[in-house]
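# Breakdown of the fold
What follows is each chain in one-letter form.
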Amino acid sequence: MDVIRWGIVATGGIAGTFARALRYEAARTGRSELRAVASRDGDKAASFAQKWGVPVSYGSYEALFRDPEIDAVYIATPHNSHPELSIAALRAGKAVLCEKPLGLALADVRPVIETARAERRFFMEAMWMKFNPSFRKAHEWASSGRIGPLRYLRADFSLDAPFVPASRLHDPALGGGALLDIGIYPITFATCFAGKRKPDAIRAVMEPAPTGVDLSNRITLAYSGGLRADLWSGIAVAPIEDLRGAVAVGETGAIRLPYFWMAQRAVLLDHEGRERERFDAPFDCNGYEYEVREVEDCLLAGRIESTVQTWDDSIMVMELLDGVRSAWERF
């Protein structure tokens, strides 16, 4: 395989964001080609294809999966459809990059991983944050001991979305709520920096929307050795900078990641909070190009699993999401 021929499943905002990054990478290296897009609405697929210069559009996902000219698909549908579509694409012989979360619960995720393993097909959750250079630099600093043993982690993520009961953010059937949509980022941050350890205890509270999903949640994870993580996410709070950052604190220093899920800067601090080092890495395109490169690297090397975003990583985070929902109390 010299060129990876991609299809995009769905036509929403994040599909367009991915299309932009994929086109950038195609022009930069020629290792990928955006060849097709599919929607359950043929007109939407055709409109998306025209906007992004995609040669082929389909009015069903199944038609895209049957296309022998497609090597890999990016699944950008609402959360609840991710397992079914991932399994269908894998069984059709496609490599799959699926948006996070992989499902609504751990019980949804395990069959997807089992299918990828049985089919010997590449599969990866699209946790783009983990591939961004600034996030990787911050993780490198922490894991190499630049701030000493970790003692405290904090990550916050907010957005202010109007309440629309039938929307993907507020409808429980679509996997609505802050936790699954954006709370997965603070949890992934904590899991990465804690060394992929499971916490010994989880405490959580949530603020319910009229539909029952969480408008916001506050989570505390306690790990052996004294490490604690305080995590917060909300979908009805103004997205100010103070509610969109992350920090890792060790015995001899700290690391600050402004806008941690899309970080373009990492700052290394001493034990008194003074800046020791700064790493600036503006995105080449929009930040999604780095996960595209990971998929390219894996497929061109014949690998079916990323070493950065492993199948076990996806399982652990979903297990934590389930644990948080089991533990949380209502405001």
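Preceding this paragraph is the structure being described.
Figured I'd write up the structure that's included with this text.

Moving on, we come to helix 4 (residues 82-91). Taken across its ten residues, helix 4 has seven buried, putting it largely inside the fold. Taken together, the buried positions of helix 4 are H82, P83, L85, S86, I87, A89 and L90. Against strand 1 (4-9), helix 3 (61-66), strand 4 (72-75), strand 5 (95-99), helix 5 (106-119) and strand 6 (123-126) lie the buried residues of helix 4.

For the rest of this paragraph, the subject is the pattern of salt bridges. Taken as a whole and assessed by the stated rule, the structure comprises 23 salt bridges. A salt bridge links E140 to K137; the shortest N-O distance between them is 3.4 Å. Here the residue E140 and the residue K137 both occupy positions in helix 6 (residues 133-143), the gap between them amounting to three residues, near one helical turn. On the basis of relative accessible area, E140 is assigned to the partly exposed category, the value being 42%. With a relative accessible area of 19%, K137 lands in the buried category. Across the pair E277 and R146 runs a salt bridge whose closest N-O atoms are separated by 3.0 Å.

What follows is about the side chain of D313. Following the sequence through the fold, D313 ends up in helix 9 (residues 311-327). If sequence neighbours within four positions are ignored, D313 has contacts with K130, K196 and V308.

What follows deals with the environment of R28. Inspection of the secondary structure puts R28 in helix 1 (residues 13-29). Taking the C-alpha atoms as reference, R28 lies 32 Å from L268; in sequence the two are 240 residues apart. One polar contact links R28 to E25, side chain to side chain, over a distance of 3.0 Å.

What counts, and at which threshold
Residues numbered from 1 in each chain as written. Predicted model: local features only at pLDDT ≥ 70, side-chain atom pairs only at ≥ 80, totals over all residues. Heavy atoms only, no water. Buried < 20%, exposed > 50% of the residue type's maximum accessible area, 1.4 Å probe, protein only. Helix = DSSP H or I, 4+ residues; strand = E, 2+ residues; numbered from the N terminus. Contact = heavy atoms within 4.5 Å. Salt bridge = Lys/Arg side-chain N within 4 Å of Asp/Glu carboxyl O. Polar contact = N/O pair within 3.5 Å; in protein donor to acceptor, adjacent residues only side chain to side chain.

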